[in-house]
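# Structural features, examined
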Amino acid sequence: MLLRHTTSEVKERTALTINPAKTCQPIGAMYAALGVHGCLPHSHGSQGCCAYHRSTLTRHYKEPIMAGSSSFTEGSSVFGGQANLLQAIETMFAVYNPDIIAVHTTCLSETIGDDMVQIIAKAREDGKVPEGKYVIHANTPSYVGSHVTGFANMTKSLVDYFVDSTDSERQQINVLPGWIEPADMRDLKCLAHRMGVKVIMFPDTSDVLDAPQTGKHQFFPKGGATIEQIRSAGDSIATLALGKSASTRAANALEEKCGVPRQRVELPIGLQATDHFIEALRTMAGVKVPSVITDERGRLLDMMADMHQYFYRKRVALYGDPDQLASLTQFLVALDMKPVYIVTGTPTSKFEQRIKKLIGNAVPEIKIARGPQADMFLLHQWIKQERVDLLIGNTYGKYIARDENIPFVRYGFPILDRVGHSYFPTVGYEGAMRLMEKILGVLMDYQDREAPEESFELVM
Ligand code: SF4
């Protein structure tokens with residue numbers, strides 16, 4: 001019993017987080033920056049921060065994550081990191097030749113108050129930024145927000161630095177994908193392609209963090225949105241922002257800067273959220289939905305109907321990022337499951353209302369927590385008070401799942417102890433089928449494992 005000290009009695013806490021249901025802002029900024037072709041992320045802080053950000057992403061994606069660090073020492077911690085960053089910019093362009101260096105700040109550089117706009121301007125004045133190359137930045141103090149906030153901030157920076165409008169409108173839709181896996185991004189582009197809709201997606205980590213093995217190391221893999229594509233987003237007919245927490249800032253900035261109207265929908269995870277995504281694309285682009293896609297939807301409905309008895313009224317606890325949780329919760333209710341506990345460490349406004357709007361009064365006993373004290377400890381306490389049949393969340397839930405013997409589906413970020421999440425999409429109708437398969441797998445494994453011999457069934 002690794003978590004044997006967790007009690008079922010919940011006490012009011014204001015200044016203590018135990019096992020947070022989130023991770024740090026710069027990790028999200030780094031993930032977003034990797035979704036731009038030829039971009040080298042740079043962490044303006046100590047080497048320890050950068051090592052943590054890189055190792056978390058490396059362990060989740062099983063790919064070597066490249067990034068620079070300003071390598072703060074005692075001197076820079078007191079006097080500021082300008083000299084270190086100027087040196088880093090010069091060295092990185094000389095040695096690694098990226099098209100863009102995407103700098104994100106850390107707790108330390110934010111506390112010092114380093115002025116990134118001024119330092120980047122000085123780098124340009126001093127001739128440290130070669131012709132045709134770029135240095136951009138996002139402020140990502142990790143004592144506020146979470147990795148999702150960092151992702152949102154860097155995505156907005158891409159708009160601030162690159163997006164531009166000319167007088168000629170382009171028949172294309174911007175898709176801000178939110179925090180989803182590389183395979184999900186590829187799948188959404190493929191869905192749009194099958195509908196005959198041209199999309200500009202950024203960030204786009206497909207073919208960067210799931211790049212094929214070719215036997216040759218490529219420092220900058222072939223994937224990622226190009227600067228030209230991002231720049232052209234200002235001429236698109238509309239922006240489709242997926243997920244409120246990760247995409248709203250960039251979508252608003254795009255609308256303000258270039259007048260591109262935006263529509264926001266939930267991440268297309270599950271039946272209804274995928275319906276809304278398809279419908280939004282259809283109306284924005286004025287196209288018809290081809291039968292290959294409606295057939296996929298029909299197969300999902302068939303699977304939901306066939307396996308309904310295994311899902312019916314199963315109690316579920318979920319934790320993770322607000323955008324994923326919103327869509328997942330809605331999908332679980334569509335399966336007639338009961339998402340009873342929902343926890344996110346990411347501060348996000350009106351989260352409870354958002355969930356209730358999506359599921360109505362389907363689960364009156366639902367408990368929802370968000371923010372610093374919405375942590376894994378609280379979730380475990382709720383589970384101790386009344387057990388659940390299924391736990392869904394990132395790798396850190398394995399301790400609760402083991403101690404309480406609860407079937408566990410790994411979903412979200414980070415997943416450090418399994419593979420597949422970055423290769424197999426869970427968005428769209430087929431992605432929803434994969435999610436169902438994963439849920440059914442752990443529920444049925446549990447039933448097989450726990451059944452007394454006289455009830456052990458060959459056919460379930
Ligand atoms: S929380 Fe702050 S100090 Fe810790 S790794 Fe993240 S940026 Fe660095």
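Preceding this section is the structure that the text describes.
As the structure is a computational prediction, the values presented were derived from the model and not from experiment. (Residues numbered from 1 in each chain as written. Predicted model: local features only at pLDDT ≥ 70, side-chain atom pairs only at ≥ 80, totals over all residues. Heavy atoms only, no water.)

## Details of the state of the cysteines
How we decide: Note on terminology: pairs of cysteine sulfur atoms within 2.5 Å are recorded as disulfides. Relative accessibility under 20% of the residue-type maximum defines a buried residue, over 50% an exposed one, and the middle range a partly exposed one, all with a 1.4 Å probe and only protein chains included.
Within this structure, the stated rule accounts for zero disulfides. No disulfide involves Cys-50; its sulfur sits 8.4 Å from that of Cys-49, the nearest cysteine. With a relative accessible area of 4%, Cys-50 lands in the buried category.

## Remarks on the packing of helix H14 (residues 322-334) against helix H15 (residues 351-359)
How we decide: Axis angles are defined between N-to-C directions and span 0 to 180 degrees, where every axis is a line fitted to C-alpha atoms and, for a helix, only to the segment in contact. Counting from the N terminus, the helices are the DSSP runs of H or I reaching at least four residues and the strands are the DSSP runs of E reaching at least two. Each angle is binned into one of four classes, with values under 35 degrees roughly parallel, values over 145 roughly antiparallel, values of 65 to 115 roughly perpendicular, and all other values oblique. We call a crossing left-handed when the near helix sits turned anticlockwise from the far one by less than a right angle, and right-handed when that turn is clockwise. By definition, residues are in contact when any of their heavy atoms lie within 4.5 Å. Ten residues, namely Ala, Val, Leu, Ile, Met, Phe, Trp, Tyr, Cys and Pro, are considered nonpolar, four, namely Asp, Glu, Lys and Arg, are considered charged, and the remaining ones, Gly among them, are considered polar.
One way to put it is that H14 packs onto H15 with a least axis distance of 9 Å and a crossing angle of 25 degrees. The angle between H14 and H15 places the two elements in the roughly parallel class. Helix-helix and strand crossings are classified by hand; for H14 and H15 the assignment is right-handed. Contacts between H14 and H15 pair Pro-322, Asp-323, Leu-325, Ala-326, Thr-329, Gln-330 and Val-333 from the former with Phe-351, Arg-354, Ile-355, Leu-358 and Ile-359 from the latter. Residue composition of the contact of H14 with H15, grouped by class: eight nonpolar, two polar and two charged.

## Brief notes about the environment of Leu-325
Within the secondary structure, Leu-325 sits in helix H14. Once the C-alpha coordinates of Leu-325 and Ile-392 are considered, the two residues, 67 residues apart in sequence, prove to be 9.6 Å apart. If near-sequence neighbours (up to four positions away) are discounted, Leu-325 is found in contact with Leu-318, Tyr-319, Gly-320, Ile-342, Val-343, Thr-344, Phe-351 and Ile-355.

## Focus on H15
Convention followed: The arc in question is formed by the directions pointing from the helix axis toward the C-beta atoms.
Along H15, the residues classified as buried are Phe-351, Arg-354, Ile-355 and Ile-359. Down the axis of H15, the sector holding all buried residues measures 115 degrees, keeping them to one side. Considering only its buried residues, H15 is in contact with helix H10 (244-258), H14, strand S10 (338-344) and strand S11 (367-370). In the segment just after H15, Gly-360 is the residue with positive phi, at about 60 degrees.

## Thoughts on the environment of Pro-339
Within the secondary structure layout, Pro-339 lies in strand S10. In this structure, the C-alpha to C-alpha distance between Pro-339 and Val-316, residues 23 residues apart in sequence, is 4.5 Å.

## Observations concerning the pattern of salt bridges
Heads up, the condition is: For salt bridges, the criterion is a side-chain nitrogen of Lys or Arg within 4 Å of an Asp or Glu carboxyl oxygen.
Taken as a whole, this structure holds 22 salt bridges when the rule is applied. Across the pair Lys-189 and Asp-204 runs a salt bridge, and its minimum N-O distance is 2.6 Å. Separated by 15 residues along the polypeptide, Lys-189 in helix H8 (residues 182-194) and Asp-204 in the loop between strand S6 (199-201) and helix H9 (227-232) bring together distant segments of the chain. Owing to a relative accessible area of 28%, Lys-189 belongs among the partly exposed residues under this scheme. Relative accessible area serves as the criterion here: at 5%, Asp-204 is assigned to the buried category. For Glu-450, the salt bridge is made with Arg-449, and the minimal N-O distance between the two is 3.7 Å. Each of Lys-398, Arg-410, Asp-417 and Arg-418 takes part in a single network of salt bridges with overlapping partners.

## So, the packing of helix H11 (residues 271-285) against helix H12 (residues 291-306)
Their axes nearest at 12 Å, the elements H11 and H12 cross at an angle of 170 degrees. Here H12 runs roughly antiparallel to H11, going by the angle between their axes. Two secondary-structure elements touch here, H11 through Leu-271, Asp-275 and Ile-278 and H12 through Ile-293, Arg-297, Leu-300, Leu-301 and Met-304. In the contact of H11 with H12, the residues fall into six nonpolar, no polar and two charged.

## A short note on the packing of aromatic side chains
Note the threshold: Here is the rule: rings of Phe, Tyr and Trp (six-membered ring for Trp) pair when centre to centre is within 6.5 Å. Planes less than 30 degrees apart are stacked, more than 60 are edge-to-face, and the remainder are tilted.
A full pass over the atoms with the stated rule returns nine aromatic pairs. Taking the centre distance of 5.3 Å and the plane angle of 10 degrees together, the rings of Tyr-31 and Tyr-61 count as stacked. Residue Tyr-31 is found in helix H1 (residues 25-33), and its partner Tyr-61 is found in helix H2 (residues 47-61); the two are separated by 30 residues along the sequence. Tyr-31 sits in the buried class, given a relative accessible area of 0%.

## Describing the site of the ligand
Our working definition: Here a residue is considered near a molecule or strand provided that any single heavy atom belonging to it is located within 4 Å of it.
Contacts to the ligand come from Cys-24, Pro-26, Cys-49, Tyr-52, His-53, Thr-106, Cys-107 and Ser-142. If you tally residues by element for the shell around the ligand, the top one is H2, at three residues. Each residue belonging to the shell around the ligand can be placed in one class, and the counts come to five nonpolar, three polar and no charged.

## Concerning the nonpolar core
Inside soluble globular proteins, nonpolar side chains tend to come together where they are buried. Quick note on the threshold: As used in this record, nonpolar core signifies buried Ala, Val, Leu, Ile, Met, Phe, Trp, Tyr and Cys residues forming a set joined through side-chain atoms within 4.5 Å.
Ranked by internal contacts, the top residues of the largest apolar core, which has 127 residues, are Phe-202, Leu-391 and Ile-392. Considering each element in turn, this core owes the most residues, 10 residues, to helix H18 (residues 428-450). Those residues in contact with Phe-202 that lie beyond four places of it in its chain are Thr-155, Leu-158, Val-159, Val-163, Val-175, Leu-176, Pro-177, Ala-225, Ile-230, Ala-233 and Leu-254.

## Section: the sheet that holds S11
So the rule is basically this: Two strands qualify as a pair provided DSSP detects at least 2 bridges between them.
Strand order across the open sheet formed by five strands is S11-S10-S9-S12-S13, with parallel pairing between neighbours. Since the sheet does not close on itself, it has two edges, and those belong to S11 and strand S13 (408-410), each with one partner. Direction aside, neighbouring strands of the sheet carry axes that sit 15 degrees apart on average. Inspection of the sheet shows strand S12 (residues 390-393) paired to S13 by three bridges, in the parallel sense. Residue pairing for S13: Gly-393 is matched across the bridge by Arg-410. Contacts from H14 reach strand S9 (315-319), S10 and S12 within the one sheet, and its direction differs from that of S10 by about 175 degrees. Together, S9, S10, S11 and S12 form the strand contacts of helix H16 (residues 376-385), whose direction differs from that of S10 by roughly 155 degrees.

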